[in-house]
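Now for the letters of each chain:
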There are 2 protein chains.
Amino acid sequence: MFSIDLTSRVPIYEQICKKITELVLNGTLSENDQLPSVRSFAKDSGVNPNTVAKAYQELERNGIIYSVPGRGSFIAKQKMEEFKNNALANFDIAAVSAFDVGIPPDELKKRIDKIHDNYRKGKQL
Amino acid sequence: MFSIDLTSRVPIYEQICKKITELVLNGTLSENDQLPSVRSFAKDSGVNPNTVAKAYQELERNGIIYSVPGRGSFIAKQKMEEFKNNALANFDIAAVSAFDVGIPPDELKKRIDKIHDNYRKGKQL
DNA sequence: ATAACCGTACCACATGATATAGTACACTTG
DNA sequence: CAAGTGTACTATATCATGTGGTACGGTTAT
């Protein structure tokens, strides 16, 4: 269910955080959905329970999930505003980098349409 | 001349690479301009010569600079196409992330105009 | 030629992040 | 009570990063 690349230079716990955050964003996981336990997740993906616990704690700090000792870990009610602000901040940085290498605003606008078309098609699969 | 943050979680050699790449992109450094020697750079910025050497070797692998033993390190002839492709690839990723959190294409387009205005103003300073 | 500088290549060492392994505790559910 | 849960430790190993030192060969200017 959760694909983890053990050979990547990206820390495993970071991959887990990113993956779960993705699943929340695209609607696969919703509020109060229960996550796998740290032990079962660890067993299924072949990593150490401590590593999964670290990822869950990181996610809890970021308000993505909440954990209850004895019960489990669950998806939290999301603050979409923060997600949007983060996405826009990253978008700004990418746009400025594009301007730096001489790409004009019009080309970026055209590109947005293209990406959005592909995005909708991808969603239909 | 080169501001390095010794306390950052980002590796020093990576900061050096990014900084020099920036200076090339914005035109501060041009083809065949000579860079500080690994020793003088290290002394000025308070890091180890080995760390600067590592950064220079990384830059050479990326085709940003070229080094000649006995003479020094210099800015290489840049392949702008690669820079543009990288910038566009990053832009695509940022745009998709924005779509993921429900930001519509039109809002991104408006944002591009805003960013571009600020970008031009920033360039005039 | 000599001295000074250049990039480069080592080696040893310290540190921090990452990951594993094992154990233990308190809590909740059946 | 038993099983499963998150959490908190300790210890250990590995890797990336950074430092310090030394050395070699090439280049430049005196």
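Right above here is the structure, for reference.
Residues numbered from 1 in each chain as written. Chains lettered and ligands numbered in written order. Predicted model: local features only at pLDDT ≥ 70, side-chain atom pairs only at ≥ 80, totals over all residues. Heavy atoms only, no water.

1. Details of the protein's contact with DNA strand C
As a reminder, the rule being used: Think of it this way: one heavy atom of a residue within 4 Å of a molecule or strand is enough to make that residue near it. What qualifies as a polar contact is a pair of N or O atoms within 3.5 Å, subject to a donor-acceptor requirement within protein and to the restriction that residues adjacent in sequence count only when both atoms come from side chains. Secondary structure elements are defined from DSSP: runs of H or I of at least 4 residues count as helices, runs of E of at least 2 residues count as strands, and each element is numbered from the N terminus. Each residue gets one of three labels, nonpolar for Ala, Val, Leu, Ile, Met, Phe, Trp, Tyr, Cys and Pro, charged for Asp, Glu, Lys and Arg, and polar for the others, Gly among them.
Near DNA strand C there are 25 residues, and of these I12, Y13, N50 and T51 of chain A together with V38 of chain B occur at the shortest range. Counting only atoms of DNA strand C within 4 Å of the protein, the fraction found in sugar and phosphate groups is 67%. For DNA strand C, a base nitrogen lies 2.8 Å from a polar atom in the side chain of N50 of chain A. In the model, a base oxygen of DNA strand C is placed 3.1 Å from a nitrogen or oxygen of the G70 of chain B main chain. Of all the elements in the fold, those that place two or more residues in the surface near DNA strand C are helix 1 (12-25) and helix 3 (49-61) of chain A together with helix 2 (38-45), helix 3 (49-61), strand 1 (65-68) and strand 2 (72-75) of chain B. Here the residues of the surface near DNA strand C are counted per class, giving eight nonpolar, eleven polar and six charged.

2. Considerations on the interface of chain B and chain A
Here is the rule we go by: By definition in these notes, contact holds between two residues if any of their heavy atoms fall within 4.5 Å. As used here, buried area is the combined drop in accessible area, with a 1.4 Å probe, of two parts when they are placed together. What makes a salt bridge here is a side-chain nitrogen of Lys or Arg within 4 Å of a carboxyl oxygen of Asp or Glu, nothing more.
Each partner contributes residues to the interface: chain B has 29 residues there, and chain A has 29 residues. Together, the buried faces of chain B and chain A total about 3000 Å²; carbon and sulfur atoms form 75% of this surface. Counting across the chain B and chain A interface gives four salt bridges. The closest approach of N and O atoms between R111 of chain A and D92 of chain B, which form a salt bridge, is 2.8 Å. Taken together, the connections running from chain B to chain A amount to six residue pairs in polar contact (both at pLDDT 80 or more). Of all elements in the fold, only helix 4 (80-100) and helix 5 (105-124) of chain B reach the threshold of two or more residues within the side of chain B that touches chain A. For the side of chain B that touches chain A, the element with the most residues is helix 4 of chain B, which contributes 15 residues. Tallied by class, the residues present in the side of chain B that touches chain A amount to 18 nonpolar, three polar and eight charged.

3. Quick notes on the packing of helix 1 (residues 12-25) of chain B against helix 3 of chain B
Between two packed helices, both the angle of their axes relative to each other and the distance between the axes serve to describe the pair. Residue and element names in this part refer to chain B. Applicable threshold: Fitting a line to C-alpha atoms yields each axis, with helices limited to the stretch in contact; the angle taken between N-to-C directions then spans 0 to 180 degrees. Convention used here: angles under 35 degrees read as roughly parallel, angles over 145 as roughly antiparallel, angles from 65 to 115 as roughly perpendicular, and any remaining angle as oblique. A crossing counts as left-handed when the near helix is turned anticlockwise from the far one by less than a right angle, and as right-handed when that turn is clockwise.
It is at 8 Å that the axes of helix 1 and helix 3 come closest, and there the two elements cross at 50 degrees. As far as their axial angle goes, helix 3 and helix 1 are oblique. As helix 1 packs across helix 3, the resulting crossing turns out to be right-handed. For the pair helix 1 and helix 3, contact is made by I12, Y13, I16, C17, I20 and T21 and by T51, V52, K54, A55, Y56, E58 and L59, respectively. Across the contact of helix 1 with helix 3, the residue classes break down as nine nonpolar, two polar and two charged.

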